[in-house]
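# Architecture and fold: a report
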Amino acid sequence: TVSQSGSVISTRMIGNVLYTVTRYCDLPEKDGDDFYCVPDVNSSAVDCKQIIHFEEENAFTYTVITATDITDEKAERGSLSILTNSTGLYCSEENLYLARNTYNDSGDKTLLTKISLKGTEIKCEASGEVSGCYNDKYSFDERDGYLRLVTTAYNYETFRQVCSLYILNEKLEVVSKIDDITDGLDEEVKAVRLCCHL
């Protein structure tokens, strides 16, 4: 039996290991002059060494990730909590990518976090961002260590949607892109099919 704070975003099974991802948001408790809000895994507060915070200081929404070997009840369970409000994810056999769309005056963006998966060992490897917003998990694909992603952004100068294709390396740095797939047409992404040519 495994329990963790939050509502389920998704789960993935790779071999004998179950990866569970939840979103946890709670009103912070007050301790003197400090506010804190820490998720639980199996009724125990997550250790501070398993919490990552690289966004705005006043964020109170966690993405909680656990890794459980379902064949061994006594096996060590991996856990990681990231102070970010992830809304979706894409998972390959080796990596888990958390994604969140943002909308503001500087433009639409997709914020990304890369988590490496090695059995019950889970580790935050990189974070990055691209212009435009992803549609769903099918907007992503990983091949040969590169993440491929299709987004849609609204151009406030031309008043139209712009669809783009990005390829990011293992550090989530953009190494290649096509800025306007639809070549001037006012289109938005409804579905994506990423394939490889051998």
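The structure presented is a predicted model; accordingly, all values stated were derived computationally and were not measured. (Residues numbered from 1 in each chain as written. Predicted model: local features only at pLDDT ≥ 70, side-chain atom pairs only at ≥ 80, totals over all residues. Heavy atoms only, no water.)

As enumerated under the stated definition, the model contains five aromatic pairs in all. A ring pair is formed by tyrosine 90 and tyrosine 97, whose centres lie 6.1 Å apart and whose planes are at 25°; its orientation type is stacked. Tyrosine 97 shares its class with tyrosine 90; the two are buried. An angle of 75° between the planes, with centres 4.9 Å apart, marks the rings of tyrosine 154 and tyrosine 156 as edge-to-face. The class for tyrosine 154 is partly exposed, based on a relative accessible area of 29%. Aromatic ring contacts, followed pair by pair, group Tyr90, Tyr97, Tyr134 and Phe140 into a single cluster. (Phe/Tyr/Trp six-rings, centres within 6.5 Å; stacked < 30°, edge-to-face > 60°. Buried < 20%, exposed > 50% of the residue type's maximum accessible area, 1.4 Å probe, protein only.)

As a further point, take the pairing of strand β9 (residues 78–82). Burial runs high along β9: five of the five residues are buried. Burial along β9 is two-sided: the face carrying Gly78, Leu80 and Ile82 and the face carrying Ser79 and Ser81 are both buried. Summarising the sheet, strand β8 (residues 61–69) and β9 pair through five bridges and their orientation is antiparallel. Following the sheet pairing, threonine 66 is matched in β9 by serine 79. (Helix = DSSP H or I, 4+ residues; strand = E, 2+ residues; numbered from the N terminus. Pairing = 2+ DSSP bridges.)

Glancing now at the sheet that holds strand β1 (residues 7–14). The sheet built from five strands is open, its strands ordered β1-β2-β8-β9-β7 with mixed pairing. Each edge of the sheet is formed by a strand with only one pairing partner; in this case those strands are β1 and β7 (51–52).

Turning next to the layout of surface pockets. By volume, the largest pocket amounts to about 250 Å³. As for the largest pocket, its lining consists of 15 residues, of which Ser131, Ala153, Val162, Ser164 and Tyr166 are closest to the centre. Elements that contribute at least two residues to the lining of the largest pocket include exactly β15 (146–155) and β16 (160–168). Grouping the amino acids of the lining of the largest pocket by side-chain chemistry returns four nonpolar, six polar and five charged. (1 Å grid on protein atoms, 1.4 Å probe; cavity = no way out; pocket = protein on both sides within 12 Å on 5 of 7 lines; lining within 4 Å. Points joined across faces, edges and corners; volume = space filled by probe spheres on them. Nonpolar A, V, L, I, M, F, W, Y, C, P; charged D, E, K, R; others polar.)

Looking now at the side chain of serine 79. One can find serine 79 in strand β9. Given the relative accessible area of 12%, serine 79 is considered buried. Discounting residues that sit within four places of it in the chain, serine 79 has contacts with Val41, Val46, Gln50, Ile65, Thr66 and Ile122. (Contact = heavy atoms within 4.5 Å.)

With that out of the way, let us pick up the nonpolar core. Ranked by size, the top nonpolar core spans 14 residues in total, and within it Ile65, Leu96, Leu98, Ile115, Leu117 and Ile122 carry the most contacts. Ranked by the residues each element gives to this core, the list is headed by strand β2 (residues 17–25), at three residues. With sequence-adjacent residues up to four places away left out, isoleucine 65 is seen in contact with Gln4, Thr20, Val21, Gly78, Ser79, Leu80, Leu96, Leu98, Ile115 and Ile122. Grouped together as the second largest cluster of nonpolar side chains are 13 residues, Tyr97, Ala126, Val130 and Phe140 included. (Core = buried A, V, L, I, M, F, W, Y, C linked by side-chain atoms within 4.5 Å.)

This next bit is on the environment of valine 8. Residue placement: valine 8 occurs in strand β1. Taking the C-alpha atoms as reference points, valine 8 and glycine 119, separated by 111 residues in sequence, lie 21 Å from one another.

A few words on the sheet that holds strand β10 (residues 88–91). Across the sheet, which stays open at both edges, the four strands sit in the order β10-β11-β12-β13 with antiparallel pairing between neighbours. The two strands at the open ends of the sheet, each matched to only one other strand, are β10 and β13 (121–131). Along the sheet, successive strands turn relative to each other by an average axial angle of 20°, direction set aside. In this structure, strand β12 (residues 109–118) lies alongside β13, joined through ten bridges in antiparallel fashion. Residue leucine 117 lies in a different strand from β13, and its bridge partner there is isoleucine 122. (Axes fitted to C-alpha atoms, helices over the stretch in contact; angles between N-to-C directions.)

A word on the pairing of β2. The pairing of β1 with β2 spans seven bridges and is antiparallel. Bridged to methionine 13 within β2 is leucine 18. The antiparallel pairing of β1 with β2 creates a hairpin that spans two residues between the two strands, and glycine 15 there sits at a positive phi of about 65°. Judged from the nine bridges that link them, β2 and β8 form a sheet pairing that is antiparallel. Across the sheet, cysteine 25 pairs through a bridge with threonine 61, a residue of β8.

It is worth stressing that arrangement in space is one thing and function is another; only the former is reported here.
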